[in-house]
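# A closer look at the structure
Residue strings, one per chain:
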Amino acid sequence: MKRLALAHLPTPLVRAERLGAELGIDLYVKRDDATGGAEAGNKIRKLEFLFAEALARGADTVITCGGIQSNHARATALTAAALGLRCVLFLRTLDAAADGARMDGNVLLDRLAGAEIQLITPAEYRDRARVMREEAERRRGLGSNVYVIPEGGSNGLGSLGYVEAMREVREQLDGRGEKTFDRVVLACGSGGTAAGVAIGAAKYGVARVVHAFAVCDDEAYFRATIARIVDEARALDPSLPAPKELVVDDSAKGPAYAVSTPEQRRAMALATRSSGLVFDPVYTGKAFFGASRLARSGVIRGERVLFLHTGGLPGLLAQGEELRDCLPVG
Ligand SMILES: *Cc1c(COP(=O)(O)O)cnc(C)c1O
């Protein structure tokens, strides 16, 4: 499979000793928040495969979609700019008037990258595949060569980025003579990362269990979505094994996508104070909150845990006001 070298690899694999000790687990963090500069995060690993296919097909335009503060849309917009492609983003919003003027977080970076932004309602977003297909057809009619990237870059091809990431972890463990993990913990939003990690963890013997914390939808939705992506990936590369035991856990998703509880925000802020690692309130903060609850309640006590840090910093910076309540008073 063709792959562009877009990410800064290998990303560091670090032991978060104090944070792990507080939770009673042996905690390691895979720093995929450091896959790049402004384009950093998990999406760039998927985009290495997706943009390689786009270029191979001679595309001059990419179309993708996401929430108004989508990390995936931002990584796609910056990568398209780097490669000289036009980028069209369909971004979901409840308030087009307010979000149409927003100049913060990911959407600020989208605008700086020169992406063409089209705001759509949650109802339209449910039909996102059709919305993007129709726009692609319209532009093809005008002479463009368009490549459509699905939500989150989450299809079989994109998920290969995380099969590769597990190979990278295996090499890091071997290089240091360290043991395999009991569990990989990660946030799950469109399923492609979990699918790739589950296949890669099996292929490279990285961990016994893959534990994906849903940040939206529910367990049934992600079980089906991840299974579909796994099937696509294994159709592209029949040498890939069946995935590792996969736990899809929707107990930490909070009130809604991108909406967190005060308890989640406090857990996130406390973790930053004892590790220097910054979690975001949409993805990594919720996954970390879920993992810390499992640890404190004894379910994973003593385990050797790999937390996959998938990035998300611009999303945090777009929620500054909402995070005021997790700072100490006085
Ligand atoms: C997109 C994203 C995820 C979830 O990855 P999926 O492959 O979409 O499930 C996790 N963390 C961050 C920061 C993300 O941007």
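Here's what I pulled together on the structure shown here. Just so it is clear, the structure is predicted and the values come from calculations on it, not from any experiment.

Attention shifts here to a nonpolar patch on the surface. A contiguous nonpolar surface patch, about 270 Å² in accessible area, is contributed by V278, L313 and L317. Examined against the element boundaries, L313 turns out to sit in helix α13 (residues 313-317). Overall, the relative accessible area of 45% leaves L313 in the partly exposed class.

Core analysis: the largest hydrophobic core is formed by 90 residues, its most contacted members being V62, Y147, F181, V197, V206, I226 and F307. Tallying contributions element by element places helix α8 (residues 156-176) first for this core, with eight residues. Filtering out sequence-adjacent residues up to four positions away, F181 remains in contact with L13, Y28, V169, L173, V206, A207, R208, R304, V305 and L306. Judged by nonpolar contacts, the second largest core, of 10 residues, contains C65, F90, Y125 and A136.

Bringing the sheet that holds strand β9 (residues 245-249) into the picture now. Strand order in the open sheet made by the six strands is β1-β2-β10-β7-β8-β9, with mixed pairing throughout. Both edges of this open sheet fall to β1 (13-15) and β9, since each of them pairs with a single strand only. Ignoring which end each strand starts from, the neighbouring axes of this sheet average 25° apart. Taken together, the three bridges between strand β7 (residues 181-188) and strand β10 (residues 304-309) define a ladder with parallel strand orientation. Bridging from a neighbouring strand, R183 pairs with V305 of β10.

Geometrically, the link from L9 to P10 is a cis peptide bond, its omega value of -5° lying close to zero. Inspection of the secondary structure assignment puts P10 in the segment before β1. At D217, a position not held by glycine, the phi torsion is positive, near 50°. Relative to the helices and strands, D217 resides in the loop between β8 (207-214) and α10 (219-236). The exposure class of D217 is partly exposed, given its relative accessible area of 38%. With a phi angle near 70°, A258 is a residue other than glycine that sits in the positive phi range. As for its position among the elements, A258 is in the loop between β9 and α11 (262-273). Using a relative accessible area of 26% as the deciding quantity, one classes A258 as partly exposed.

Mapped onto the secondary structure, A81 falls in helix α3 (residues 71-83). A C-alpha to C-alpha distance of 23 Å links A81 and R128, two positions 47 residues apart in sequence.

We now examine the pairing of strand β3 (residues 61-67). Remark: a regular strand shows side chains that alternate across the two faces of the sheet. Among the seven residues that make up β3, seven are buried, leaving the element largely enclosed by the rest of the structure. Of the strand pairs in this sheet, β3 and strand β4 (residues 86-92) are connected by seven bridges, and their pairing is parallel. Across the sheet, the residue bridging to G66 is L91, located in β4. Following the backbone out of β3, through α3 and into the adjacent parallel β4, one traces a crossover that is right-handed. The pairing of β3 with strand β6 (residues 146-148) spans three bridges and is classified as parallel. Counterpart to V62 in the pairing with β6 is Y147.

Attention now moves to the packing of aromatic side chains. Aromatic ring pairs: the centre-centre distance and the angle between the two ring planes describe each pair. As enumerated under the stated definition, the model contains six aromatic pairs in all. Seen in terms of ring centroids, Y221 and F222 are 5.0 Å apart; in terms of plane orientation they differ by 75°. Their pairing is edge-to-face. The class of Y221 is partly exposed, set by a relative accessible area of 31%. Here the aromatic rings of Y257 and Y283 are separated by 6.0 Å at their centres, their planes lie at 75°, and the arrangement is edge-to-face. Here Y257, found in the loop between β9 and α11, pairs with Y283, found in the loop between α11 and α12 (284-296); they are 26 residues apart in sequence, far enough to count as distant. When its relative accessible area of 26% is taken as the criterion, Y257 is described as partly exposed.

How each quantity is defined
Every chain's residues receive numbers from 1 upward, in the order its sequence appears when written. Note on the predicted model: pLDDT of at least 70 is required for a residue's local features to be given, and 80 or more for side-chain atom pairs to be given and counted; whole-chain, interface and lining totals, by contrast, use all residues. The side-chain numbers reported here are obtained from all heavy atoms of the structure, hydrogens and water having been left aside. Patch members must show over 30% relative accessible area and no salt bridge, and they are joined within 9 Å when carrying like charges or within 5 Å when they are nonpolar side chains of Val, Leu, Ile, Met, Phe, Trp or Tyr. Only the protein chains shown count as cover for residues, and the accessible areas themselves come from Shrake-Rupley with a 1.4 Å probe. The term salt bridge refers to a pairing of a side-chain nitrogen on Lys or Arg with a carboxyl oxygen on Asp or Glu at a separation within 4 Å. The helix count covers DSSP runs of H or I at least four residues long, the strand count covers runs of E at least two residues long, and both are numbered beginning at the N terminus. The buried label applies to any residue whose accessible area, calculated with a 1.4 Å probe on protein chains only, is under 20% of its type's maximum; exposed applies above 50%, and partly exposed to all values in between. Joining through side-chain atoms within 4.5 Å is the link that ties buried Ala, Val, Leu, Ile, Met, Phe, Trp, Tyr and Cys residues into a set, and such a set is a nonpolar core. The contact criterion used throughout is that any non-hydrogen atoms of two residues lie within 4.5 Å. We call two strands paired when DSSP finds no fewer than two bridges between them. To get an axis, a line is fitted to the C-alpha atoms, and for a helix only the part in contact is used. The angle between two axes follows their N-to-C directions and goes from 0 to 180 degrees. Viewed with both strands pointing away, a crossover whose connecting path from the first strand over the helix to the second turns clockwise is right-handed. Aromatic contacts are taken between Phe, Tyr and Trp rings whose centres are within 6.5 Å, Trp giving its six-membered ring; a plane angle under 30 degrees counts as stacked, one over 60 as edge-to-face, and the others as tilted.

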